[in-house]
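Below are the chains, spelled out letter by letter.
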Amino acid sequence: MGLSEAVEKLQQHTGIIAEELSATAIGGGSVCQTYRLSSDEGALFLKLDRADFFEQFSAEVDGLKALEECGALRTPEVRSYGKTDTISYLFLEWLDLGPGSTASETALGHSLAQQHRATFTSFGWSRNNFLGATHQSNGLHDDWMTFWRERRLRFQLDFAAGNGLPIAYQQACTAVLARIETFFGDEELSPSLLHGDLWSGNWGTLATGMSCVFDPAVYCGDRETDLAMTRLFGGFGHAFYDAYTAEWPLRHGWEKRVDLYNLYHLLNHFNLFGSSYLPQIKGALLRLVG
């Protein structure tokens, strides 16, 4: 779908000549068509979708550029993005990624802590973006707990209710929303720049040993949300957590907030993929309301 159009637009906008015949489909993505292409400026990674997907690509570009500007985390360079009447496209630098190691996990932990030192005046983000295929409502807020309750948990809960989340689960989620302040102490929270979707599939290791991240859903919030996400599906070892806490120790009581933050992602996965995530949602809710 639209590969020729995307390659033509790339050359028009950047002068980069990509070899369409070199395009190799890449598996593993659940949203877009993805390809590896050769070009006169090195290998490229192409994401391709319908024209009405352009807003997702635009949001991704903004997120990658925000992370790049902070200079703490390595991200793929944006080469070109845009749309035609029929397609939207995003060309990124191709990164040859290998398995993680103790050294790369250590580097990622240090870099993420440094990334979180980039703080802003408000929680949220200047534009809405996307968590996977789900619309992510942002806006700017002065109060973190209000932001997390309304823009994150309630947003997903309302969506999940429409998708058939059992009433008992809805009631438990509502109980969590009503007592969200009890999960926090008196320490003032700073709005850190977050990756926003930091699971093991969104980071990798270059041949140099440097770690890198991609597919962000950025906003400014409590840094613990990124750390909580890393624990949801595994894939991060002790070296990562040790390096992070050596750089910036976590606040007292962080353990009880892991489920509070991951409930957002679990509800999102229920909304995207269905009832197979109900057992994990149930477990998180039992720990939160018990």
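Predicted, not measured: the structure shown is a model, and the values here were computed from it.

This paragraph deals with the packing of helix α4 (residues 144–162) against helix α5 (residues 167–178). The N-to-C vectors of α4 and α5 enclose an angle of 170 degrees; their axes lie 11 Å apart at closest approach. In terms of axis orientation, α4 runs roughly antiparallel to α5. Residues Arg-149, Leu-153, Arg-154, Leu-157 and Ala-161 of α4 touch α5, and the partners they reach there are Gln-170, Cys-173, Thr-174 and Leu-177. Residues of the contact of α4 with α5, tallied by class, amount to five nonpolar, two polar and two charged.

Here Thr-134 is to be found in strand β8 (residues 134–136). Under the relative-accessibility criterion, Thr-134 is labelled buried at 4%. Side-chain polar atoms of Thr-134 contact the side chain of Asn-268, separated by 2.6 Å. Non-local contacts of Thr-134, meaning those with residues more than four positions away in its chain, are made with Asn-129, Phe-155, Gln-156, Phe-159, Asn-268 and Leu-272.

Moving on, we come to the side chain of Thr-75. Within the element layout of this structure, Thr-75 appears in the loop between α2 (54–70) and β4 (78–83). Not counting residues up to four positions away in its chain, the partners in contact with Thr-75 are Leu-64, Leu-67, Glu-68, Glu-93 and Val-213.

Next up on the list: the packing of aromatic side chains. Under the definition given, this model contains 17 aromatic pairs. Ring plane angle 70 degrees and centroid distance 6.4 Å describe the contact between Phe-120 and Trp-125, whose orientation is recorded as edge-to-face. Since its relative accessible area comes to 40%, Phe-120 is described here as partly exposed. Judged by its relative accessible area of 13%, Trp-125 is buried. Centroid distance Trp-203 to Phe-236: 5.9 Å. Interplanar angle 25 degrees. Geometry classified as stacked. Placement of Trp-203 in strand β11 (residues 203–205) and of Phe-236 in the loop between α6 (224–232) and α7 (238–247) is noted, with a sequence separation of 33 residues between them. Looking at Trp-203, the relative accessible area reads 9%, which means it is buried. The structure contains a cluster of three or more aromatic residues connected by ring pairs, namely Phe-123, Trp-144, Phe-147, Trp-148, Phe-184, Tyr-219, Tyr-261 and Tyr-264. Note that Arg-36 overlies the ring of Trp-94, its terminal NZ or CZ placed 5.1 Å from the centroid.

Listed as buried for α7 are Ala-239, Phe-240, Tyr-241, Ala-243 and Tyr-244. In this structure, the buried side of α7 is in contact with α3 (102–116) and α6.

Put simply, α6 and α7 touch, their axes get as near as 12 Å, and they point 170 degrees apart. Here α6 is positioned roughly antiparallel relative to α7, judged by the angle of their axes. Contacts from Leu-227, Thr-230 and Arg-231 of α6 reach α7 at Phe-240, Tyr-241 and Tyr-244. When its residues are assigned to classes, the contact of α6 with α7 shows four nonpolar, one polar and one charged.

For the rest of this paragraph, the subject is the pairing of strand β3 (residues 44–50). Taking burial as the measure, the seven residues of β3 include six buried ones, the bulk of the element. The pairing of strand β2 (residues 33–39) with β3 spans five bridges and is classified as antiparallel. By the bridge assignment for β3, Leu-37 is matched with Leu-44. Where β2 hands over to β3, the hairpin turn is made up of four residues, of which Gly-42 adopts a positive phi near 100 degrees.

Moving on to the pairing of strand β5 (residues 87–93). By the criterion of burial, β5 is predominantly enclosed, with seven of the seven residues buried. The sheet contact formed by β3 and β5 spans seven bridges and is antiparallel. Of the residues in β5, the one forming a bridge with Phe-45 is Leu-92. As judged from the five bridges shared by β4 and β5, these two strands associate in the antiparallel manner. Its bridge partner being in β5, Val-78 is matched across the sheet by Leu-92. Following β4, the chain reverses through three residues before pairing antiparallel with β5.

Calculation notes
Position numbers for residues count from 1 along each chain, tracking the sequence in the order it is written. Local features in a predicted model are, by the rule used here, given only for residues with pLDDT of at least 70; side-chain atom pairs are given and counted only at 80 or more, and totals for whole chains, interfaces and linings are based on all residues. The side-chain quantities take in all heavy atoms of the structure and omit both hydrogens and water. Structural elements are reduced to axes, namely lines fitted to C-alpha atoms, with helices fitted over the stretch in contact, and the angle between N-to-C directions of any two is expressed from 0 to 180 degrees. Helix and strand labels come from DSSP, where a helix needs a run of H or I of at least four residues and a strand needs a run of E of at least two; each type is numbered from the N terminus. For classification purposes, an angle smaller than 35 degrees is called roughly parallel, one larger than 145 roughly antiparallel, one from 65 to 115 roughly perpendicular, and anything else oblique. What makes two residues a contact is simply this: any of their non-hydrogen atoms within 4.5 Å. Residues are grouped as follows: Ala, Val, Leu, Ile, Met, Phe, Trp, Tyr, Cys and Pro are nonpolar; Asp, Glu, Lys and Arg are charged; every other residue, Gly included, is polar. Only protein chains enter the area calculation, which uses a 1.4 Å probe; residues under 20% of their type maximum are buried, those over 50% are exposed, and those in between are partly exposed. Polar contacts, as counted here, are pairs of nitrogen or oxygen atoms within 3.5 Å of one another; within protein the pair requires one atom able to donate a hydrogen and one able to accept it, and residues that are adjacent in sequence qualify only if both atoms are side-chain atoms. Note on aromatic pairs: the rings of Phe, Tyr and Trp (six-membered ring only in Trp) are paired at centre separations within 6.5 Å, and the planes decide the class, stacked below 30 degrees, edge-to-face beyond 60, tilted for the rest. Only when the NZ atom of a Lys or the CZ atom of an Arg is both within 6 Å of the ring centre and within 35 degrees of the ring normal do we say a charge sits over the ring. Pairing between two strands is assigned when DSSP locates at least 2 bridges connecting them.

Fair warning: the whole summary comes from geometry, so function is off the table for now.
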